[in-house]
Amino acid sequence: MSLQIKSFEEYQEIYKKSVEDPEGFWAGVADHFFWKKKWQNVLSWDFEKADIKWFEGGKLNITENCLDRHIYSLGDKPAIIWEPNDPEEAHRVLTYKQLLNKVEQFANVLKNNDIKKGDRVCIYLPMVPELAIAMLACARIGAIHTVVFGGFSARSIADRINDTDSKLVITADGGFRGTKTIELKNIVDDALEQTSSVEKVIVLTRTRTPVSMIKGRDVWWEDEVRKVETMGSPACPAEEMDAEDMLFVLYTSGSTGKPKGVVHTTGGYMVYTGYTFSNVFQYQPDEIYFCTADIGWITGHSYIVYGPLSQGATSLMFEGIPTYPDAGRFWDVVEKHKVNILYTAPTAIRSLMAFGDEYLEDKDLSSINKLGSVGEPINEEAWNWFNEKIGKSEAPIVDTWWQTENGGILISPLAGITPTKPSYAMLPLPGVQPALMDENGNELEGNDVSGNLCIKFPWPGMLRTTYGDHQRCIDTYFSAYPGKYFSEDGCLRDKEGHYRITGRVDDVLNVSGHRIGTAELEDAINMHADVVESAIVGYPHKIKGQGIYAYIIADNVERNEDELKQNILATVTRLIGPIAKPDIVQFVEDLPKTRSGKIMRRILRKIAENELDNLGDITTLLNPDVVENVIEGAKKYREKV
Ligand code: PRX
């Protein structure tokens, strides 16, 4: 069997086989990878206990699959093309041979700094090749990486370090993002004041921002590399890993509590990301593939690093932002590097669309032959613009639905092979068995139905646990619908059996493709000395998809409302990061509550959306009069909504 599906008929046939004989199907896929020792058992599972094991007994190292096995035939092929933030700075190309060399070198650096198999390493780096090198070097020796997105605060880093008990942090002096320089090392220094497990910090030079290097703790990346260079052989043998050994932890927000550490393991994740990359994007040997995500999110893990590299692809990594030096930057990058496949987010598409088509004039986008979208529902207008202006109506768009917990894409067209339709993720990939559930927990059979989206059979890329708290994994994903994985997304299946994701059904917002937990954000706001209580809801936002609307009860509002608002925003930035800052803050006297004291978010959401005809029954509230006051107060903010 070839790894890549080549026709719609073949997709239908393979999908059928994957449901009838999932183990046979996945064993066939896994045979396309390099195993030091073959597995004994393809799958064992018990969703009630969130106990899922793929390829048990199999031994492998994912870096041998991403690097070593390509050296003979693809050694001189670019593995990573790196485009810097500043277009005047030279870009970098790392061939597979060079990347392997650097990964082995840095793996030796890790060993030299006392990192062993199973140790946790926290990575807080800008979008530079060294980020991929650091991740792969961890995987080379069996250390578990946890990458923290550069937009998170010191406190968020500290929480992740403490939760994973990380021994080492890898960071840089700073990072460039558009016109800004982010002082990464200084932020790490603040984080480390709230942790005790970290023994060493390796600091990469990027921005030459002044940093304070602490004796005995902080070392420079470049010095450490030089040290291992003088030690002789640059090689670093790949640690033999069990298929179910942990590969990485990545934190993501849910509806309750602090972010969860989603755990992915080695064998299944490798097979799933490789298989889905090859099929969804229909990658061809000489194509240049550009995923605009940040590696700090799952999309970057799976579809900048592991998926493309295991398939011998050329993965373009971009340090900057789409609007620097101007809103034509993505198109400059496409033209400069002759990008064939562009995978981006609806929020980026909408924002570039809003800048106007003049940024597209004179740009040669003729190399593009496939387009992809991820992270949030894509509206028809954005889909059509992407299709017409970027793909010239000739490049199929894959609208890929998946989540941090899924490891890889679950529902999506296969580019040029299966049908597409604006705003639809279309059909499940082979091996993926979706189920739509009604509110009574029954599966909705047939077409033209909508409900809560579950997956009723395991796939190799799915999460195995939430780090340090397995019960939370069971409660969050496997309890609402016993025997099924619950995505917490709403979804419809149309008359033709095509899937359309309608958005989260829990209290999680999706702001510019970033997941923000409302409870976590409320906790942060409530930390401000003047805040009594707060409630966060989402509202439709033209560019971001969803905006954040905060209703806040606070003391001293009358003294200086704007200053108080700015102070609350600063608190959010400090506790979570700038990505979680509310767009609208409305100070209220009280919040509508049920008789048992629960905040009625449904009503607050309607007010934020300005859907006042449809508030539902408010007479059963503890304090129905409050609703009128909140509506009255909201008028002031209405023009912004
Ligand atoms: O609501 C869905 C939305 O993003 C959520 C997952 O967010 P995260 O774990 O950060 O992963 C994002 C990148 C994989 C989902 O629960 N989402 C993701 N992709 C789509 C989507 N909503 C609609 N269409 C999509 N293609």
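Residues numbered from 1 in each chain as written. Predicted model: local features only at pLDDT ≥ 70, side-chain atom pairs only at ≥ 80, totals over all residues. Heavy atoms only, no water.

### A look at the domain arrangement of the chain
Where interface size is quoted, it is often the accessible area lost as the parts come together. In terms of domains, the chain is made up of domain 1 (8–434) and domain 2 (512–640). Look at where the C-alpha atoms of domain 1 and domain 2 centre, and you get two points 34 Å apart. Contacts between the two partners involve 23 residues from domain 1 and, on the opposite side, 20 residues from domain 2. Taken together, the two surfaces of domain 1 and domain 2 that pack against each other cover about 1,600 Å², and 48% of this comes from carbon and sulfur. On the domain 1 side of the interface with domain 2, the three residues burying the most area are Arg155, Ser253 and Arg350, jointly 27% of the side's total. The tally of links from domain 1 across to domain 2 stands at 1 salt bridge. A salt bridge links glutamate 405 to arginine 515; the nearest nitrogen and oxygen atoms lie 2.9 Å apart. At the boundary of domain 1 and domain 2, one finds 12 residue pairs in polar contact (both at pLDDT 80 or more). Within the residue set of the side of domain 1 that touches domain 2, elements represented by two or more residues are helix H7 (154–164) and helix H13 (346–355). Class assignment of the residues belonging to the side of domain 1 that touches domain 2 gives a composition of 5 nonpolar, 14 polar and 4 charged. (Domains from an automatic or database assignment. Contact = heavy atoms within 4.5 Å. Buried area = accessible area lost by both parts, 1.4 Å probe. Salt bridge = Lys/Arg side-chain N within 4 Å of Asp/Glu carboxyl O. Polar contact = N/O pair within 3.5 Å; in protein donor to acceptor, adjacent residues only side chain to side chain. Helix = DSSP H or I, 4+ residues; strand = E, 2+ residues; numbered from the N terminus. Nonpolar A, V, L, I, M, F, W, Y, C, P; charged D, E, K, R; others polar.)

### Description of the pairing of strand E30 (residues 584–587)
Neither face of E30 is left uncovered, since the one carrying Ile584 and Gln586 and the one carrying Val585 and Phe587 both have all their residues buried. Here strand E29 (residues 545–554) runs beside E30; their pairing, made up of 4 bridges, is parallel. Following the sheet pairing, alanine 550 is matched in E30 by valine 585. Where the polypeptide runs from E29 across helix H17 (residues 561–575) and back to E30, its parallel neighbour, the crossover connection is right-handed. (Buried < 20%, exposed > 50% of the residue type's maximum accessible area, 1.4 Å probe, protein only. Pairing = 2+ DSSP bridges. Right-handed = clockwise from strand over helix to strand, strands pointing away.)

### Some remarks on the site of the ligand
The immediate surroundings of the ligand are formed by 17 residues, with Asp399, Thr400, Thr404, Asp489 and Arg515 found nearest. In this structure, aspartate 489 approaches the ligand through a side-chain N or O atom, which is 2.6 Å from an oxygen atom. Arginine 504 places a side-chain nitrogen or oxygen 2.8 Å from an oxygen atom of the ligand. The fraction of the free accessible surface of the ligand (540 Å²) that becomes covered by protein chains is 96%. (Near = heavy atom within 4 Å. Areas by Shrake-Rupley, 256 points an atom, 1.4 Å probe, with all protein chains shown as cover.)

### Looking at the packing of helix H5 (residues 96–112) against helix H9 (residues 221–229)
Direction vectors running N to C along H5 and H9 enclose 95°, while the axes themselves pass 9 Å from each other. With respect to each other, H5 and H9 are oriented roughly perpendicular. Across the interface between the two elements, Gln105, Phe106, Asn108, Val109 and Asn112 from H5 touch Trp221, Glu224, Val225, Val228 and Glu229 from H9. Each residue belonging to the contact of H5 with H9 can be placed in one class, and the counts come to 5 nonpolar, 3 polar and 2 charged. (Axes fitted to C-alpha atoms, helices over the stretch in contact; angles between N-to-C directions. Parallel < 35°, antiparallel > 145°, perpendicular 65-115°, else oblique.)

### Overview of the sheet that holds strand E20 (residues 397–400)
The strand order E5-E4-E17-E16-E18-E19-E20 describes an open sheet built from 7 strands, whose pairing is mixed. Edge positions in the sheet fall to strand E5 (92–95) and E20, since each of these pairs with one other strand and no more. Pairs of neighbouring strands in the sheet enclose a mean axial angle of 20°, with direction left out of account. Sheet topology places strand E18 (residues 341–344) next to strand E19 (residues 370–374); 4 bridges connect them, and they run parallel. Residue threonine 344 lies in a different strand from E19, and its bridge partner there is serine 373. The strands touched by H5 are strand E4 (78–83) and E5; relative to E5, the strand with the most contacts, the crossing angle is about 85°.

### A word on the state of the cysteines
Summed over the entire model, instances satisfying the criterion amount to 0 disulfides. Looking at the unpaired cysteine 122, the closest cysteine sulfur is the one in cysteine 138, lying at 10 Å. The thiol sulfur of cysteine 473 is not disulfide-bonded, and the nearest other cysteine sulfur, from cysteine 454, lies at 14 Å. The class for cysteine 473 is buried, based on a relative accessible area of 0%. (Disulfide = S-S within 2.5 Å.)

### Considerations on the sheet that holds strand E24 (residues 485–493)
Across the sheet, which stays open at both edges, the 4 strands sit in the order E21-E22-E24-E25 with antiparallel pairing between neighbours. Of all strands in the sheet, those with a lone pairing partner are strand E21 (434–437) and strand E25 (499–504), marking the two edges. The sheet shows a mean angle of 45° between the axes of neighbouring strands, direction not considered. Pairing of strand E22 (residues 449–455) with E24, which is carried by 6 bridges, proceeds in the antiparallel orientation. Looking across to E24, one finds that asparagine 452 is bridged to glycine 490.

### Regarding the packing of aromatic side chains
Per the stated rule, a full pass over the model turns up 41 aromatic pairs. An angle of 45° between the planes, with centres 5.0 Å apart, marks the rings of phenylalanine 47 and phenylalanine 478 as tilted. In this pair, phenylalanine 47 sits in the loop between strand E1 (41–46) and strand E2 (51–56) while phenylalanine 478 sits in the loop between helix H15 (470–477) and E24, placing the two residues 431 residues apart along the sequence. Between phenylalanine 106 and tryptophan 221, the ring centres sit 3.8 Å apart and the planes meet at 15°, which makes this aromatic pair stacked. Placement of phenylalanine 106 in helix H5 and of tryptophan 221 in helix H9 is noted, with a sequence separation of 115 residues between them. For the pair phenylalanine 106 and tryptophan 221, one class covers both residues: buried. Members of the aromatic cluster, joined through ring pairs, are Phe25, Trp26, Trp35, Trp39, Trp54, Phe55, Tyr272 and Tyr275. (Phe/Tyr/Trp six-rings, centres within 6.5 Å; stacked < 30°, edge-to-face > 60°.)

### Some thoughts on a negative patch on the surface
Taken together, the side chains of Glu335, Glu358, Glu361, Asp362 and Asp364 define an acidic patch exposed on the protein surface. Along the chain, the position of glutamate 361 falls in the loop between H13 and E19. (Patch = residues over 30% accessible without salt bridge, like charges linked within 9 Å, V, L, I, M, F, W, Y side chains within 5 Å. Lys, Arg positive; Asp, Glu negative; His and termini not counted. Charge placed at Lys NZ, Arg CZ, Asp CG, Glu CD.)

### Thoughts on unusual backbone geometry
Between tyrosine 324 and the following residue, proline 325, the backbone shows a cis peptide bond with an omega angle of -5°. Tracing the sequence through the fold places proline 325 in the loop between strand E17 (314–318) and helix H12 (329–337). In this structure, aspartate 114 takes a positive phi of about 75° despite not being glycine. Considering the arrangement of structural elements, one finds aspartate 114 in the loop between H5 and strand E6 (120–124).

### Remarks on H17
End to end, H17 covers 21 Å across 15 residues, agreeing with the expected 21 Å (1.5 Å per residue, within 8%). Inspection of H17 places Leu564, Lys565, Ile568, Leu569, Thr571, Val572 and Leu575 among the buried residues, and these make up the whole buried set. Down the axis of H17, the smallest arc covering the buried residues is 155°, so these residues share one side. The inward-facing, buried residues of H17 abut H7, helix H16 (518–526), strand E28 (531–541), E29 and E30. (Expected span 1.5 Å × (residues − 1). Arc of directions from axis to C-beta.)

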